[in-house]
Amino acid sequence: MNAKTADPTAPDQGRIVLLTTSHRVAPGLLSWPAWQALRTADRVLCADGTHPQLPYLREAGIRVDEAAPTAEELVAACAGGRTAVVVATGEGDPALTDGLARLAGSGRVRMPELELLPASYDLPGARLLDLVQVMDRIRLECPWSSQRTHKGLAKYAIEEAYELVEAIEDGDRDELREELGDVLLQVVFHARIAEEDPDAPFSVDDVAGTIVDKLVHRHPHVFGDERADTPEEVRAHWLRTKAAEKQRTSVTEGVPLGQPGLALAAKLHSRVRTAHLDVPLPSGEGIGYELLALAARAETEGTDPEAALRAAARTYRDAIRAVEG
């Protein structure tokens, strides 16, 4: 923003550069325009003496004054064509920026050129670092969170997963975003607890590294030389690499028995069908065997029996409410 008048005979009022940085980027990793502004400035100021950038700026030979000038003082320091760079604090120095805005709006003061210069930018996923830091503090300082265990939290992971599915089926975008965050919290919370294990600790970085390695390995058509042009070929790649990794002796291995019954039945039938095994459905009396047959039929037809039953149940719920209302 340039607030100087258009009078070519007026003295140069200088330049104020407000330098902003992201705490999610390692200190010292600044953009080239930022380094140019810092090296050519007549004065560099920072109100926070503990700002993480200061040691790196000083190591690079930049003199930084620990000062918090008022808007009037900063404007006066730029008189005669001088340049002042303000390394913004985490709060963004609102008192200074508000003061500069008031001066510029008053029309009584000839303002220097004002520039907002981002010195570092957040990369995609940078807010995940905030989540890790917040979770670490909660684990240390919250009386409830500090006592949680993997077993104690297990039920919440199930609840949050169901709430996520409900948000997806409802088509509520705001609810979907919130529920995804709740599921993500479970991952970060468990990873934070795992760091404290005395025998086999691991961190959220280990969790992320493991899934990254798995995804790369199971997508040779993306990260390697293999080719897959259809979803069916992708699935074949996935199953082949997974089988090599797990070296399982039965197609039933890895199928969690604690999942809902219809999903369990459909998963077992899917494993049998994919492996081209000839395993007839067991015959027996009772609703359980009837549901097993229905789940197998749904899986064969490409239908998720759990989702289908939930959809029918929601219709039933709406009918109940209609009668009640």
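Look up a bit, the structure's there.
All of these numbers come straight from a predicted model, not from anything done at the bench.

Student: Would you explain the pattern of salt bridges in this entry?
Tutor: Opposite charge on two side chains permits them to pair, given that their charged atoms come into close proximity. Counted by the stated rule, this structure contains 19 salt bridges. Linking Asp 136 and Arg 192 is a salt bridge whose minimum nitrogen-to-oxygen distance equals 2.7 Å. Taken together, the positions of Asp 136 in helix α5 (residues 127-141) and Arg 192 in helix α7 (residues 173-194) put the pair 56 residues apart, joining distant regions of the chain. Relative accessible area serves as the criterion here: at 30%, Asp 136 is assigned to the partly exposed category. For Asp 174, the salt bridge goes to Arg 177, with nearest N and O atoms at 3.4 Å. Remark: Arg 177 and Asp 174 occur in helix α7; sequence separation between them is 3 residues, near one turn of the helix. Look at Asp 174 and you get exposed, because its relative accessible area is 52%. For Arg 177, a relative accessible area of 57% puts it in the exposed group.

Student: What is the right way to look at the environment of Leu 38 in this model?
Tutor: The residue Leu 38 is located in helix α1 (residues 32-40) in this model. With 100 residues separating them along the chain, Leu 38 and Ile 138 place their C-alpha atoms 37 Å apart. Setting aside residues up to four positions removed in sequence, Leu 38 forms contacts with Leu 19, Leu 30, Val 44, Leu 57, Ile 62, Val 85 and Val 87.

Student: Explain the packing of helix α6 (residues 150-170) against α7 here, please?
Tutor: Describing two packed helices takes the angle between their axes plus the distance from one axis to the other. Packing of α6 against α7 leaves a shortest axis separation of 9 Å and a crossing angle of 160 degrees. Judged on the interaxial angle alone, α7 and α6 are roughly antiparallel. Between α6 and α7 lies a crossing of left-handed hand. The segment α6 lies against α7, with His 150, Leu 153, Tyr 156, Ala 157, Glu 160, Ala 161, Glu 163, Leu 164, Ala 167 and Ile 168 engaging Glu 175, Leu 176, Glu 179, Leu 180, Asp 182, Val 183, Gln 186, Phe 189, His 190, Ile 193 and Ala 194. Per-class residue counts for the contact of α6 with α7 are 13 nonpolar, 3 polar and 5 charged.

Student: Help me understand the sheet that holds strand β2 (residues 43-46) in this model?
Tutor: Think of a sheet as strands paired side by side through backbone hydrogen bonds, with each pair either parallel or antiparallel. On the basis of which strands lie adjacent, the open sheet formed by 5 strands has the order β3-β2-β4-β1-β5 and parallel pairing. Lying at the two open borders of the sheet, with one neighbouring strand each, are β3 (65-66) and β5 (113-118). For strand β1 (residues 15-20) and β5, the ladder comprises 6 bridges, and the chain directions are parallel. Pairing of Val 17 across the sheet is with Glu 115, part of β5.

Student: Got a minute to help me understand unusual backbone geometry in this structure?
Tutor: Negative phi characterises most residues that are not glycine, and trans characterises most peptide bonds. In this structure, Asp 93 takes a positive phi of about 50 degrees despite not being glycine. Looking at the element boundaries, Asp 93 is found in the loop between β4 (83-87) and α4 (94-106).

Student: How do you make sense of α1 when you look at a structure like this?
Tutor: If you check which residues of α1 are buried, you get Ala 34, Trp 35, Ala 37 and Leu 38. Axial view of α1: buried residues confined to an arc of 160 degrees, hence all on one face. For α1, exposure combined with an orientation more than 90 degrees from the buried face picks out Trp 32, Arg 39 and Thr 40. Those residues of α1 hidden inside the fold are in contact with β1, β2, α2 (54-59), β4 and β5.

Student: Sorry, what's going on with helix α10 (residues 231-246) here?
Tutor: Three- or four-residue spacings in an α-helix give side chains the same orientation, since the helix completes a turn every 3.6 residues. The end-to-end C-alpha distance of α10 is 22 Å, a good match for the 22 Å that 16 residues give at a rise of 1.5 Å each. Where α10 ends, the next residue or the one after it, Gln 247, has phi of about 50 degrees, a positive value.

Student: Please clarify how the layout of surface pockets should be interpreted in this entry.
Tutor: Any space left empty among the atoms is revealed by the rolling of a water-sized probe across them. Approximately 390 Å³ is the volume found for the largest pocket. Taken together, 16 residues form the lining of the largest pocket, with Leu 239, Lys 242, Arg 248, Val 251 and Arg 271 sitting closest to its centre. Sorting the residues of the lining of the largest pocket by element identifies α10 and α11 (261-274) as the ones contributing at least two each. When residues in the lining of the largest pocket are grouped by element, the largest group, 6 residues, is from α10. Partitioning the lining of the largest pocket into residue classes produces 5 nonpolar, 4 polar and 7 charged. If you add up the space inside the second largest pocket, you get close to 280 Å³. Along its surface, the second largest pocket is lined by 16 residues, and Thr 21, His 23, His 51, Thr 89 and Gly 90 are the ones closest to its centre. A per-class count over the lining of the second largest pocket returns 4 nonpolar, 10 polar and 2 charged.

Cut-offs applied
- Residues numbered from 1 in each chain as written.
- Predicted model: local features only at pLDDT ≥ 70, side-chain atom pairs only at ≥ 80, totals over all residues.
- Heavy atoms only, no water.
- Salt bridge = Lys/Arg side-chain N within 4 Å of Asp/Glu carboxyl O.
- Helix = DSSP H or I, 4+ residues; strand = E, 2+ residues; numbered from the N terminus.
- Buried < 20%, exposed > 50% of the residue type's maximum accessible area, 1.4 Å probe, protein only.
- Contact = heavy atoms within 4.5 Å.
- Axes fitted to C-alpha atoms, helices over the stretch in contact; angles between N-to-C directions.
- Parallel < 35°, antiparallel > 145°, perpendicular 65-115°, else oblique.
- Left-handed = near helix turned anticlockwise from the far one by under 90°.
- Nonpolar A, V, L, I, M, F, W, Y, C, P; charged D, E, K, R; others polar.
- Pairing = 2+ DSSP bridges.
- Arc of directions from axis to C-beta.
- Expected span 1.5 Å × (residues − 1).
- 1 Å grid on protein atoms, 1.4 Å probe; cavity = no way out; pocket = protein on both sides within 12 Å on 5 of 7 lines; lining within 4 Å.
- Points joined across faces, edges and corners; volume = space filled by probe spheres on them.

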